Amino acid sequence: LYTFLAEKLELPETLRKRSEELESLGLIDASEERFTNIFDRTMADSYLDTITKIVVLDRVSIPNASYLFYNLPNLETIENIGWLDTSGTTRFDYMFCECPKLKNVNFSDFDTSSAVTFANMFDSTGFESLDLSDFNTERVGNFNRMFQDCKNLKSINLSSFNTLKVSDAEYM
């Protein structure tokens, strides 16, 4: 279990103690004030390979969701993804790409109202079913390879998708 609250970089003493306590439990503390990309590709691959669950415990503003959870090979579930403030986020490309065990995310409170690209968003994930009926796609122009290599995917609810602005849906 890993939390997604705040990155630990030069935190005040009270937050540093909280961070150390969470770390001793196998959790990541990453508060909004310090958030950049908790799963930065500079982290050791062996560390990224240990992440199986992410629980969002607080509001975190996400200016760019591109590659946010990219290549977390053992990630199975993300809880409370609606707590990520994506109201101003335009890029969601590769967000969950290369998470082959990811099967459980509730997108009902996930804000995509500013999105312009979903390219490769779910590429090579483990979802068997996706309910994206709450996705706002009225500004999206790029759906390229959005579901590429989703070998387990059996059903998708795209009932709310507005594709009037789409210019690229190749291999969707």
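Residues numbered from 1 in each chain as written. Predicted model: local features only at pLDDT ≥ 70, side-chain atom pairs only at ≥ 80, totals over all residues. Heavy atoms only, no water.

*Asks:* Would you mind showing me how to read the packing of aromatic side chains here?
*Replies:* The description of an aromatic ring pair rests on the distance of the ring centres and on the angle between the ring planes. Going through the model one piece at a time under the given rule, you end up with 18 aromatic pairs. Judged by centre distance (5.7 Å) and plane angle (75°), the rings of Phe 92 and Phe 110 are edge-to-face. Taken as a pair, Phe 92 in the loop between β5 (84-85) and β6 (104-105) and Phe 110 in the loop between β6 and β7 (129-131) lie far apart in primary sequence, 18 residues in all. The pair Phe 92 / Phe 110 is uniform in exposure class, with both members buried. Seen from their ring centres, Phe 118 and Phe 143 are 5.9 Å apart, and the 50° between their planes marks the pair as tilted. On the criterion of sequence distance, the pair formed by Phe 118 in the loop between β6 and β7 and Phe 143 in the loop between β7 and β8 (155-157) is long-range, its members being 25 residues apart. Across the pair, exposure class does not vary: Phe 118 and Phe 143 are buried alike. Taken together through their ring pairs, the aromatic side chains of Phe 69, Phe 92, Phe 96, Phe 107, Phe 110, Phe 118, Phe 122, Phe 127, Phe 135, Phe 143, Phe 147 and Phe 161 make up a single cluster. (Phe/Tyr/Trp six-rings, centres within 6.5 Å; stacked < 30°, edge-to-face > 60°. Helix = DSSP H or I, 4+ residues; strand = E, 2+ residues; numbered from the N terminus. Buried < 20%, exposed > 50% of the residue type's maximum accessible area, 1.4 Å probe, protein only.)

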